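# A closer look at the structure
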Amino acid sequence: MKQNDTSKLQQLLGSKKTIERVAKSPDAKALAQMLTKGRDETSLKQAAEKAAKGDTSQLSEIIQSVMSSPGGAELIQRLNGVIDQK
């Protein structure tokens with residue numbers, strides 16, 4: 001993960017308002033559906049746990065599959081717009 005991405009993520013996680021805004025967005029629900037499509041809860045949980053410990057390889061694979069799916073990249077861009085709102 002790039003340094004700029006890391007600091008942006010840290011800012012996001014420190015902003016309760018932003019987290020609430022993103023979580024309530026219809027795009028977040030759509031992303032959750034994309035993330036769980038074809039995956040079981042255990043594999044998602046393992047990817048998240050490994051990412052928290054510094055191994056982001058599984059999480060990166062999941063994100064890449066979303067980004068390459070129809071509408072996935074557009075969905076991520078819209079979520080970025082929600083995150084960037086002040």
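For the structure itself, look to the data block above.
Residues numbered from 1 in each chain as written. Predicted model: local features only at pLDDT ≥ 70, side-chain atom pairs only at ≥ 80, totals over all residues. Heavy atoms only, no water.

Now for the overall build of the protein chain. Assigned secondary structure in the protein chain consists of six helices and zero strands. Each helix (α) and strand (β) of the protein chain, taken in turn from the N terminus, gives the series α-α-α-α-α-α. A burial count over the protein chain gives 16% of its 86 residues as buried. Sequence-distant contacts, at least 24 apart, represent 58% of the contacts inside the protein chain between residues at least 6 apart. With the model as given, the accessible surface of the protein chain reaches about 6600 Å², and the carbon-plus-sulfur share is 54%. (Helix = DSSP H or I, 4+ residues; strand = E, 2+ residues; numbered from the N terminus. Buried < 20%, exposed > 50% of the residue type's maximum accessible area, 1.4 Å probe, protein only. Contact = heavy atoms within 4.5 Å. Areas by Shrake-Rupley, 256 points an atom, 1.4 Å probe, with all protein chains shown as cover.)

Time to look at the packing of helix H3 (residues 26–36) against helix H6 (residues 72–84). Direction vectors running N to C along H3 and H6 enclose 140°, while the axes themselves pass 10 Å from each other. It follows from the interaxial angle that H3 and H6 lie oblique. Crossing angle aside, the handedness with which H3 passes H6 is left-handed. In this structure, H3 uses Asp27, Ala28, Ala30, Leu31 and Met34 to contact H6, whose residues at the interface are Gly72, Leu75, Ile76, Arg78 and Leu79. (Axes fitted to C-alpha atoms, helices over the stretch in contact; angles between N-to-C directions. Parallel < 35°, antiparallel > 145°, perpendicular 65-115°, else oblique. Left-handed = near helix turned anticlockwise from the far one by under 90°.)

A word on the nonpolar core. Counting residues in hydrophobic clusters, the biggest one holds six residues: Val22, Leu31, Val66, Leu75, Leu79 and Val82. Sort the elements by how many residues they give to this core and H6 lands first, with three residues. Those residues in contact with valine 82 that sit more than four places away from it in its chain are Arg21 and Val22. (Core = buried A, V, L, I, M, F, W, Y, C linked by side-chain atoms within 4.5 Å.)

It is at 7 Å that the axes of helix H4 (residues 41–52) and helix H5 (residues 57–68) come closest, and there the two elements cross at 125°. On the basis of the axis angle, H4 is oblique to H5. Within the contact between the two elements, H4 uses Leu44, Gln46, Ala47, Lys50 and Ala51 and H5 uses Gln58, Leu59 and Ile62.

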